[in-house]
Structure formats: structure tokens, C-alpha cells
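Here are the chains, one letter per residue:
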Amino acid sequence: EAKRNGRNCLAFFKPEMETAALKRHEVEMDLRQAIMFQQLQLHYQPIMDVSHVRIVGREALMRWQHPVKGLIMPIDFIPIAEETGLIHELGAFTLHEACVEAMRWDDHETVAVNLSASQFTNGALVSLVESALTQSGLPARRLELEITESVLLANSAANLNTLNRLKALGVKVALDDFGTGYSSLGYLRSFEFDKIKIDKSFTQDVESSKEALAIIRAINGIGRSLDIPTTAEGVETTEQLDRLTQEGCSHFQGYLLGRPVSHDTPSDESV
Ligand code: C2E
Ligand code: MG
Ligand code: MG
Ligand code: MG
């Protein structure tokens, strides 16, 4: 009986596990090539102020232009890059590229770069940011690093120290996807964030869910009290935009205001 179960287990689980492992390995090999052959690129999505027309900055979002598979989105390769350690190479590329690109924009515009928690495990993050700024000539105040609470959750003392050193360089730090994950309000006490980004799952339900609205109100209330501006992510309709403006969000980002675009082909992600 036990033996039969065991065999069933093997028959059922093993091929699946092998497939997953193989796929992971394939993506890993491919990703190494991607770095070598410059298949990774950044798209930039505008972030607007309350006037809804003035661009205050842009968020850099990574894309992988695969020679066979076409355009691959971050959800399909960032987690593998994190597990394999390739995220350090991807992260270095992103920081340098984004700072160089931002030098071509108006002097008031910031560039936001996403950082993975795993990028904090490498002691080189602070010097990496420093060298991206020095080599591009971008003033530190124009670089905004977006982190999620996972950075403060894992290895918090060391990561907090890294965050403070980054802040000492003069760069800004935004708390991304706020309201999802563990969202301990305590994180807002342990570090002085320059911006809070309200996750798009709340933005998109602002009209239909009283819970989503209550959470947005709470986040904006904290932001106001602590003098931290909030950005509503994922704004897709004028109704959402109006509502979120009424609710006191200071910045807005979403397909309604502009899709992520590469600087040379401005319409590649449009529907
Ligand atoms: P994120 O930092 O929260 O970025 C916002 C995501 O929402 C982006 O997805 C963006 O394309 C999408 N978005 C923007 N406006 C709208 C909208 O109106 N509606 C909808 N449905 N979506 C909208 P994307 O580009 O697929 O990136 C997903 C996540 O991957 C990012 O979430 C970020 O966590 C991560 N990521 C992207 N680029 C990088 C990178 O260079 N480094 C690292 N470590 N992570 C990155
Ligand atoms: Mg982000
Ligand atoms: Mg976000
Ligand atoms: Mg998000």
C-alpha cells in the first residue's frame, strides 16, 4: 500500500518537478545570454502630479526582448533572476541605464528604479548606486529607489542600514506596492520614506469596494500626517483619477496617463 502510494507520488510529482527545474534552468541560461547580447531594455512610465498633465518623473520597468519568444514581462523573469543571483547584474544594468536616460529629460524629472530585496544581500548596492550617479552625472535628488516592505522584513537591521546609507547619498526612497503583503505600519516608523505608492489593486477598486477606499483613505491619512506624498498606481479610468484626486493622492501613474514606453518606440505597449 505504502509502496503503491510512493510510486504514485513519484509518477505524479517527479515529471512536474523536472519540468519546472528544466524550465528554470532554460530561463537562467537564456537570461545570461540576454545580459550578454543586450536583450534587456527599460521602458519608462510617466508619473503625474495633481494637475494630471505635468510629468514629475518616470518609472523604469524592465523588459526582455527575447529573439525567439518575443517580449517577456518582469513577472516571468525577475523571480528567476532573484533566485539565481543574476538580479545583481540586471540591477546594475538598470541603475546605470536609467540614470543615463534621465539625463536626457527635464531637470525636474526623477527616474524611479525598482530594487529587489535580494539586491540588498550584496554589499555592493550603495557603491553601485554611487557609480551610476557619478558615471551618468545625474544629481542624486533625481533618482528614486522603489523598494517593497520585503526589504525591511528580511534581514531588517542590515537592510535598514543600507537604506540609510543610500538616503545619505541624497537619493529618494519610495515604499512600493503599499497595502499588499505584510504591510506593517511599523515600517513607516523605522525608515523615513520619501514617497508611498498605493498598490494598483486598491486604485482599481476605489469605486467598487468600500474596503479598498477605506485603505486608500488610511494610507493618505498617514501620508498627510507624516508629510509623505502618496502615488496612486494603476490608474486606468478618469473616474478613478478624479476619485483618487479627491481622496488626496499627490501623484498618479497608470495606463490612463501613459503606458510604459521605450524611449525610441513610443507606442510598443499600446493596445
Ligand atoms: P511595480 O514596481 O509595482 O510596477 C508597476 C507595474 O504596474 C508595472 O508592471 C506596470 O507596467 C504596471 N502598470 C502601470 N500602470 C498600470 C495600469 O494602469 N494598469 C495595470 N494593470 N498595470 C499597470 P510591470 O512592468 O509588468 O512590472 C511588474 C513588476 O516587476 C514591478 O512592479 C516591479 O516590482 C518589477 N520590476 C520591473 N522592472 C524591474 C527592475 O528593473 N528591477 C526589479 N528588481 N524589479 C522590476
Ligand atoms: Mg515600482
Ligand atoms: Mg508598484
Ligand atoms: Mg505593483
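Residues numbered from 1 in each chain as written. Chains lettered and ligands numbered in written order. Predicted model: local features only at pLDDT ≥ 70, side-chain atom pairs only at ≥ 80, totals over all residues. Heavy atoms only, no water.

Caption draft 1: Examining the site of ligand 1 more closely. Inspection of the region around ligand 1 gives 25 residues, with Arg63, Asn114, Ser116, Glu236 and Tyr255 positioned closest. A distance of 2.8 Å is found between an oxygen atom of ligand 1 and a side-chain nitrogen or oxygen belonging to Asn114. Burial of ligand 1 by the surrounding chains reaches 83%, relative to a free accessible area of 800 Å². For the shell around ligand 1, the secondary-structure elements that each account for two or more residues are strand S2 (55-66) and strand S6 (172-178). (Near = heavy atom within 4 Å. Polar contact = N/O pair within 3.5 Å; in protein donor to acceptor, adjacent residues only side chain to side chain. Areas by Shrake-Rupley, 256 points an atom, 1.4 Å probe, with all protein chains shown as cover. Helix = DSSP H or I, 4+ residues; strand = E, 2+ residues; numbered from the N terminus.)

Caption draft 2: Focus on the coordination of the magnesium ion (ligand 2). Coordination sphere of the magnesium ion (ligand 2), protein contribution only: Glu59 (OE), Asn114 (OD1), Glu146 (OE) and Asp176 (OD), at 2.0 to 2.2 Å. Between the magnesium ion (ligand 2) and the magnesium ion (ligand 3) the interatomic distance comes to 3.6 Å, and Asp176 is a ligand of both metals. In this pair, Asn114 is assigned in strand S4 (residues 110-114) and Glu146 in strand S5 (residues 143-147), connecting sequence segments 32 residues apart. Since its relative accessible area comes to 29%, Asn114 is described here as partly exposed. Residue classification places Glu146 among the buried residues on the basis of a relative accessible area of 1%. (Donors = N, O, S within 2.8 Å, 3.2 Å for Na, K, Ca; no water. Buried < 20%, exposed > 50% of the residue type's maximum accessible area, 1.4 Å probe, protein only.)

Caption draft 3: Region of the structure containing the side chain of Glu146. Looking at Glu146, its side chain comes within polar contact range of the side chain of Lys197, at 2.6 Å. Not counting residues within four places of it along the chain, the set of residues in contact with Glu146 comprises Glu59, Ala112, Val113, Asn114, Leu115, Ala174, Asp176 and Lys197. (Contact = heavy atoms within 4.5 Å.)

Caption draft 4: Up close: the environment of Arg104. Along the chain, Arg104 falls in the loop between helix H3 (87-102) and S4. With 34 residues separating them along the chain, Arg104 and Leu138 place their C-alpha atoms 9.9 Å apart.

Caption draft 5: Focus on the pairing of strand S7 (residues 195-198). Alternating positions in S7 separate into two faces, Lys195 and Lys197 on one and Ile196 and Ile198 on the other, with burial throughout. In the sheet, S6 pairs with S7 via three bridges, with the strands oriented parallel. Residue Leu175 lies in a different strand from S7, and its bridge partner there is Ile196. (Pairing = 2+ DSSP bridges.)

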